[in-house]
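The chain contents come next:
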Amino acid sequence: MAANPGVVPWMVLDEQGRAVEPVRRYLIDFVARYNRPGSVRSYAFDLLRWWRPVNCTMSRS
């Protein structure tokens, strides 16, 4: 996860340093609903914890 100077203040990144697309789309929508930066950060961390096992499972397939 990294701070992002763009529209979304926090972003979940993959192993290559690219934004995880489903998470990116969700956070853009979350920010568009006028949620506070602290809430965006909290959701980004939760989504990171969700993404790690999902990504690991997809890598094994």
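Residues numbered from 1 in each chain as written. Predicted model: local features only at pLDDT ≥ 70, side-chain atom pairs only at ≥ 80, totals over all residues. Heavy atoms only, no water.

K.L.:
Just give me the short version of the environment of Phe45, but keep the residues and values in it.
P.N.:
Topologically, Phe45 is positioned in helix H2 (residues 37–60). Along the backbone, Phe45 and Met11 are 34 residues apart, and their C-alpha atoms lie at a distance of 8.9 Å. (Helix = DSSP H or I, 4+ residues; strand = E, 2+ residues; numbered from the N terminus.)

K.L.:
Outline the confidence of the model for the chain, supporting the account with residue identities and numerical values.
P.N.:
Scored by pLDDT, the chain has a mean of 83; 79% of the residues are at 70 or more. Between the elements of the chain, mean pLDDT differs from a low of 62, seen in strand S1 (residues 2–3), to a high of 92, seen in helix H1 (residues 21–32). (pLDDT = per-residue confidence, 0-100.)

K.L.:
Mind laying out the packing of aromatic side chains, listing which residues take part and the relevant values?
P.N.:
Aromatic ring pairs are reported here in terms of the distance separating the ring centres and the angle at which the planes meet. All chains considered together, the criterion is met by four aromatic pairs. When the centroid spacing of 6.3 Å and the interplanar angle of 25° are considered together, the rings of Tyr26 and Tyr43 count as stacked. Of this pair, Tyr26 sits in helix H1 while Tyr43 sits in helix H2; the two residues are 17 residues apart in sequence, bridging distant segments of the chain. When its relative accessible area of 36% is taken as the criterion, Tyr26 is described as partly exposed. Residue classification places Tyr43 among the partly exposed positions, given a relative accessible area of 36%. Centre to centre, the rings of Trp50 and Trp51 are 6.0 Å apart; their planes meet at 50°, and the pair counts as tilted. (Phe/Tyr/Trp six-rings, centres within 6.5 Å; stacked < 30°, edge-to-face > 60°. Buried < 20%, exposed > 50% of the residue type's maximum accessible area, 1.4 Å probe, protein only.)

K.L.:
Now, about H1: what can you tell me, with residues and values included?
P.N.:
Its twelve residues give H1 an end-to-end C-alpha distance of 17 Å, which sits within 8% of 16 Å, the value for a rise of 1.5 Å per residue. Buried within H1 are the following residues: Val23, Leu27, Phe30 and Val31. Summarising the axial view, the buried residues of H1 lie within an arc of 95°, below the 170-degree limit, and thus occupy one face. Downstream of H1 by a residue or two, Tyr34 has a phi angle that is positive, lying close to 65°. (Expected span 1.5 Å × (residues − 1). Arc of directions from axis to C-beta.)

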